[in-house]
Amino acid sequence: MPPAFDTQGIGRLLSQTRASHHVLRHRAHAAYGLGVDGNIVADNDTNTFPLLGLLPPQYPEWLGDRSFHESHGVRFAYVGGEMARGIASVELVCALAHVGTLGFFGAAGLSLAVLEKNLVRLRDTLDPKELPWGANLIHTVGAPDLEERTVDLYLQYGVRRMSASAFMALSPAVVRYACQGLRRASDGRIERTHHVFAKISRPEVARHFLQPPPIALLEALKAGGKITADEATLAAQLPIAEDITVEADSGGHTDNRPLSALFPTIAALRDAMVAKYSYPRPIRVGAAGGIGTPEAVAAAFALGAAYVLVGSVHQCAVESGLSADGKSMLAEAGIADVAMTAAADMFEAGVKVQVLKRGTLMAARGNKLYQFYRRYESLEAIPDNERAQLERDLFRAPLTDIWRQTEAFFSEHEPEQLVRATRDPKHRMALVFRWYLGLSSRWPLQGDATRRTDYQIWCGPAMGAFNTWVRESFLAPLSNRSVHQMALNLLEGAAAITRAHQLRSLGVPVPASAFVYRPTPLAL
Ligand SMILES: Cc1cc2nc3c(=O)[nH]c(=O)nc-3n(C[C@H](O)[C@H](O)[C@H](O)COP(=O)(O)O)c2cc1C
């Protein structure tokens, strides 16, 4: 195939993503061009082109930090983020493992009994094949026992990777998990049995995970027989987490920061902490939030991400635990069809989550509940007309009935909340409002179409970007959105775009079309 010096021809040659690309100079026109075949010769013949550079084939396997592949036994530096209540299901995590990536099971919001059943399935399916997987530990304010018992299960079922999220500071449970199984290998290196992935969106939180655990905490764990003296000694030489996931504007809990601002900030902090503690090996920083297209994957790797983590768009994968009804709503989303609304957890503190806005009124209704909570001191203080509207539109029952249901729930799960509600009518109001915020995230899981207008589907702008990318392609129908095809296409596209960028940076006139990758059915 002849070399090309015009943008169109260069675009054609670039579509051969697995080729070695030769950067050439045209003798007569002093232009830069591209060749894919041919021989490298030593003569200075006018029929030859001076060779300026040679790029070996670009594979998606090479994207990201090599040590990530080695530490976690994956083919691709690609992670499926945990999605609560088993939306990141056993099927999703298994499919991700089989394609050579790493998935985290969405443990938050599940009872310990349900979590245990899922851990057994994951272990029995993936461990015999030595495929990697992980599960999530979400910080539960005011319920440290739940964290402890979740970690007990993770240790019992040999969960080797745990994504820790929503932490503001370290808890004994997360430190215990990180420390158990630390050992010194015969070559002197410290080896881990358990890997913590810290999901963070603020430097002050990242700092906790980038440091060795506080000595007092290690001593307490040692004194309580939770870790050995050797584990405590080794733990003092390592950070809690060697994989830090920087989460930018994402579905669910988010600070809405752009990745391009947040990532370098955390990477700089990582560098400072590695220098301060002279760690024996590097700490990897991965990127999450807003990643739903090959361009976004390539951009994250260009920022220096060791790995990418995808959430929202996996929610519409065939294997996700969301109902078909919920997935069909996600498939309609555009880039601006998301909004922040009140979160069920930490509702009183004004914490928000990012949700799908299109086709549901939940975002507006959740915000209204939070406004009422701020404005009124009790359910009784809500004016009659407002109360009637809430009962008709949101609760579909008198608030007295909802309170009875709320009471029944909390007396089983967190009776101390009821004690407080008896003393504090504002707290009672918060618990009733949390009835709606809690159930509205269950309705889309069950596919309860009578509650479609109240579906709370966590979703970030990545979903709209993904929908635009796959429009009129084989990935447009939901039935084709296997996580296998989604992940491979995102990665293959990122590799192609990375190559286009490399050549453009070397002075080759690369056409804009080389930065577009259309979804194609791919096989491993
Ligand atoms: C439906 C849904 C549920 C999620 N649940 C959790 C969770 O329980 N714990 C957590 O740490 N992150 C959770 N996340 C965040 C994802 O793991 C991931 O970090 C995030 O979605 C990445 O950003 P993106 O949505 O822009 O892809 C959830 C995200 C979604 C969309």
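Small disclaimer: the values here were computed from a predicted structure and weren't measured.

Caption draft 1: Highlighting the domain arrangement of the protein. Looking at the assigned domains, one finds that the protein contains domain 1 (7–60 + 487–515), domain 2 (67–322) and domain 3 (336–454). Each of domain 2 and domain 3 has a C-alpha centre, and the two are 31 Å apart. On the domain 3 side, the residues contacting the nine residues of domain 2 number six residues.

Caption draft 2: The arrangement of unusual backbone geometry in detail. Positive phi, close to 55°, is recorded for Arg85, a residue that is not glycine. For Arg85, the position within the fold is in the loop between strand 4 (78–80) and helix 3 (90–98). Its 17 C-beta neighbours within 10 Å are what place Arg85 among the partly exposed residues. Backbone geometry at Ala166 places phi at a positive 65°, although glycine is not the residue there. With respect to the element layout, Ala166 can be found in the loop between strand 7 (161–165) and helix 6 (172–179). When the 19 C-beta atoms within 10 Å are taken as the criterion, Ala166 is described as partly exposed.

Caption draft 3: Looking closely at the packing of helix 15 (residues 399–413) against helix 16 (residues 415–423). Taken N-terminus to C-terminus, the directions of helix 15 and helix 16 make an angle of 130°; their axes are 6 Å apart at the nearest point. One finds that helix 15 runs oblique with respect to helix 16. Residues Glu407, Phe410 and Ser411 of helix 15 pack against Pro415, Gln417 and Leu418 of helix 16. A breakdown of the residues in the contact of helix 15 with helix 16 according to their chemical character gives three nonpolar, two polar and one charged.

Caption draft 4: Spotlight on the sheet that holds strand 12 (residues 252–253). A sheet is described by the order of its strands in space; here three strands give the open sequence 12-16-15, paired in antiparallel fashion. Each of the sheet's edge strands pairs with one partner strand only, and the pair in question is strand 12 and strand 15 (338–342). With two bridges connecting them, strand 12 and strand 16 (residues 352–356) associate as antiparallel partners. Among the inter-strand pairings, Gly252 is bridged to a residue of strand 16, identified as Gln354.

Caption draft 5: Here's a closer look at the environment of Glu204. Among the secondary structure elements, Glu204 is positioned in helix 7 (residues 203–210). On the neighbour-count criterion, Glu204 (10 C-beta atoms within 10 Å) is exposed. For the pair formed by Glu204 and Leu475, sequence separation is 271 residues and the distance between their alpha carbons is 40 Å.

Caption draft 6: Local environment of the pairing of strand 1 (residues 21–25). The buried fraction of strand 1 amounts to four of the five residues, a majority that puts the element mostly inside the structure. Note that strand 1 and strand 3 (residues 51–55) share four bridges and pair antiparallel. Along strand 3, the bridge assignment pairs Val23 with Gly53. Alignment of strand 1 against strand 2 (residues 32–35), held across four bridges, turns out to be antiparallel.

Caption draft 7: Broad picture of the site of the ligand. Near the ligand there are 28 residues, and of these Gly81, Ser165, Ser250, Gly251 and Gly311 occur at the shortest range. Listed by contribution, the elements that provide at least two residues to the shell around the ligand are strand 6 (134–138) and strand 14 (308–310). In terms of residue class, the shell around the ligand is built from twelve nonpolar, 13 polar and three charged.

Caption draft 8: A look at the nonpolar core. In terms of nonpolar packing, the biggest core is built from 153 residues, with Ile244 and Val308 touching the most fellow members. With twelve residues, helix 20 (residues 483–505) is the largest single contributor of residues to this core. Residues within four places of Ile244 in sequence aside, it is in contact with Ala198, Ile200, Ala206, Phe209, Leu210, Ile266, Arg270, Ile283, Val285 and Gly286.

Caption draft 9: Region of interest: helix 17 (residues 425–439). Look at helix 17: 22 Å from first C-alpha to last across 15 residues, which is about the 21 Å you get at 1.5 Å a residue. Along helix 17, the residues classified as buried are Arg428, Met429, Leu431, Val432, Phe433, Arg434, Trp435, Tyr436 and Leu437. For helix 17, the elements touching its buried residues are strand 15, helix 13 (362–375), helix 14 (384–395), helix 15 and helix 16.

Basis of the calculations
Residues numbered from 1 in each chain as written. Predicted model: local features only at pLDDT ≥ 70, side-chain atom pairs only at ≥ 80, totals over all residues. Domains from an automatic or database assignment. Contact = placed C-beta atoms within 7 Å. Helix = DSSP H or I, 4+ residues; strand = E, 2+ residues; numbered from the N terminus. Buried ≥ 20, exposed ≤ 12 C-beta atoms within 10 Å, placed from the backbone. Axes fitted to C-alpha atoms, helices over the stretch in contact; angles between N-to-C directions. Parallel < 35°, antiparallel > 145°, perpendicular 65-115°, else oblique. Nonpolar A, V, L, I, M, F, W, Y, C, P; charged D, E, K, R; others polar. Pairing = 2+ DSSP bridges. Near = placed C-beta within 6 Å. Core = buried A, V, L, I, M, F, W, Y, C linked by C-beta atoms within 7 Å. Expected span 1.5 Å × (residues − 1).

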